[in-house]
Amino acid sequence: LAARLFYTCYMGTDNSSQDTRDRAKRLAEQVGSTHFDANIQSVIKALLAFFVALVGKTPNFKTAGGEPRENLALQNIQARLRMVISY
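Everything quoted here is computed from the prediction, not taken from an experiment. (Residues numbered from 1 in each chain as written. Predicted model: local features only at pLDDT ≥ 70, side-chain atom pairs only at ≥ 80, totals over all residues. Heavy atoms only, no water.)

Caption draft 1: Main features of the pairing of strand 1 (residues 7–12). Where strand 1 lies against strand 2 (residues 34–39), six bridges are found, and the strand directions are parallel. Considered in strand 2, the bridge of Cys9 is made with Phe36. The parallel pair strand 1 and strand 2, bridged by helix 2 (residues 18–31), forms a crossover whose chirality is right-handed. (Pairing = 2+ DSSP bridges. Helix = DSSP H or I, 4+ residues; strand = E, 2+ residues; numbered from the N terminus. Right-handed = clockwise from strand over helix to strand, strands pointing away.)

Caption draft 2: Molecular detail of the side chain of Gln41. Within the secondary structure layout, Gln41 lies in helix 3 (residues 41–55). One polar contact links the side chain of Gln41 to the main-chain amide nitrogen of Asp14, over a distance of 2.8 Å. Residues within four places of Gln41 in sequence aside, it is in contact with Gly12, Thr13 and Asp14. (Polar contact = N/O pair within 3.5 Å; in protein donor to acceptor, adjacent residues only side chain to side chain. Contact = heavy atoms within 4.5 Å.)

Caption draft 3: Structural detail: helix 4 (residues 68–86). In a regular helix each residue adds 1.5 Å, so 19 residues correspond to 27 Å; helix 4 covers 27 Å between its end C-alpha atoms and thus fits that length. Glu70, Asn71, Leu74, Ile77, Gln78 and Leu81 are the residues of helix 4 that are buried. Buried residues of helix 4, seen end-on, are gathered within an arc of 120° and therefore sit on one face of the element. In helix 4, the exposed residues that point more than 90 degrees away from the buried face are Pro68, Arg69 and Ser86. (Expected span 1.5 Å × (residues − 1). Buried < 20%, exposed > 50% of the residue type's maximum accessible area, 1.4 Å probe, protein only. Arc of directions from axis to C-beta.)

Caption draft 4: Representation of the nonpolar core. If you look at the biggest cluster of nonpolar residues, it comprises six residues: Met11, Ile40, Ile44, Leu74, Ile77 and Leu81. Ranked by residue count, the leading element in this core is helix 4, at three residues. Residue contacts for Leu81: discarding those within four places in its chain leaves Val43, Ile44 and Leu47. (Core = buried A, V, L, I, M, F, W, Y, C linked by side-chain atoms within 4.5 Å.)

Just geometry here; none of it tells us what the structure is for.
Right, dumping it as structure tokens:
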């Protein structure tokens, strides 16, 4: 019954680890949900290309030399896209 009512979706990116993906799958199996595994990197790249064309600056994660506000903006892009895709 849970598989007919409860859906889960792992929305990974290039920054996501296989370990995290595997944990999401195992959790879905444990709760009995219908589970999807989606790579949303292409959506993120499209939005970043739009941003770069508009602003003329490429934001970077902190690990790639970006400033804290760039890092936060990139994390927010991923979070907001996941929210929109979920709906």
